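Chains, contacts and geometry: an overview
Chain residues, written in single-letter form:
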Amino acid sequence: MSLSGHEIRMGKLFSNNENAVIIAVDHGYMDGPIPGMEDLPEVVKSIDASVDGILTSPGMLKHCKHAFQYKGAPIPIVRLNWSTVFCFEWQYREALAVQAFSPADA
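Definitions and limits used
Residues numbered from 1 in each chain as written. Predicted model: local features only at pLDDT ≥ 70, side-chain atom pairs only at ≥ 80, totals over all residues. Heavy atoms only, no water. Helix = DSSP H or I, 4+ residues; strand = E, 2+ residues; numbered from the N terminus. Buried < 20%, exposed > 50% of the residue type's maximum accessible area, 1.4 Å probe, protein only. Polar contact = N/O pair within 3.5 Å; in protein donor to acceptor, adjacent residues only side chain to side chain. Contact = heavy atoms within 4.5 Å. Core = buried A, V, L, I, M, F, W, Y, C linked by side-chain atoms within 4.5 Å. Salt bridge = Lys/Arg side-chain N within 4 Å of Asp/Glu carboxyl O. Pairing = 2+ DSSP bridges.

Quick word on the side chain of Asp26
With respect to the helices and strands, Asp26 occurs in the loop between β1 (22-24) and α2 (27-31). For Asp26, a relative accessible area of 6% puts it in the buried group. A distance of 2.4 Å separates a polar atom in the side chain of Asp26 from a polar atom in the side chain of Arg79. Residue contacts for Asp26: discarding those within four places in its chain leaves Leu55, Thr56, Ser57 and Arg79.

Here's the deal with the nonpolar core
Residues Val25, Leu40, Val43, Val44, Ile47, Val51, Ile54, Cys64, Ala67 and Phe68 constitute the largest nonpolar core, which totals ten residues. The biggest single contributor to this core is helix α3 (residues 40-45), with three residues. In this view, Val43 contacts Gly36 and Met37; residues no more than four positions away in its chain are not counted.

Section: the pattern of salt bridges
Enumeration over the complete set of coordinates arrives at two salt bridges. For Arg79, the salt bridge identified is with Asp26, shortest N-O distance 2.4 Å. Of this pair, Arg79 sits in the loop between β3 (75-78) and β4 (81-83) while Asp26 sits in the loop between β1 and α2, placing them 53 residues apart in sequence. Ionic pairing is found between Lys45 and Glu42, a salt bridge with its closest N-O pair at 3.2 Å. Within this pair, Lys45 and its partner Glu42 are both found in helix α3, separated by three residues, close to a single helical turn.

Observations concerning the pairing of strand β2 (residues 53-56)
Burial of β2 is two-sided: the residues Gly53 and Leu55 facing one way and the residues Ile54 and Thr56 facing the other way are all buried. Two strands pair when backbone bridges link them, and β1 and β2 are joined in this way by three bridges, in the parallel orientation. Bridge assignment links Ile22 to a residue of β2, and that residue is Gly53. As judged from the four bridges shared by β2 and β3, these two strands associate in the parallel manner. Along β3, the bridge assignment pairs Thr56 with Val78.

Take a look at the structure:
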């Protein structure tokens, strides 16, 4: 029986009935720059090592690679979708989601 890379990564996040701790830093993807998070690579450096995963946008993954390149590092989780739920500032109330990137593009 072989394991896929997907199964291995999911096992690292969700095993032994334990909860995973995921930090989302992809807010700028939908909302633009957020005060205190303008320099995302620096923000990611400050994340505690006990975090299991970091949710980021495809464009920022390459800028934050330092956070994922050491033994015991959090797993990168890349947002591949876009949702109109984030268009509330234009009084849009539907929540439609579409794939914005392929895994290969990310």
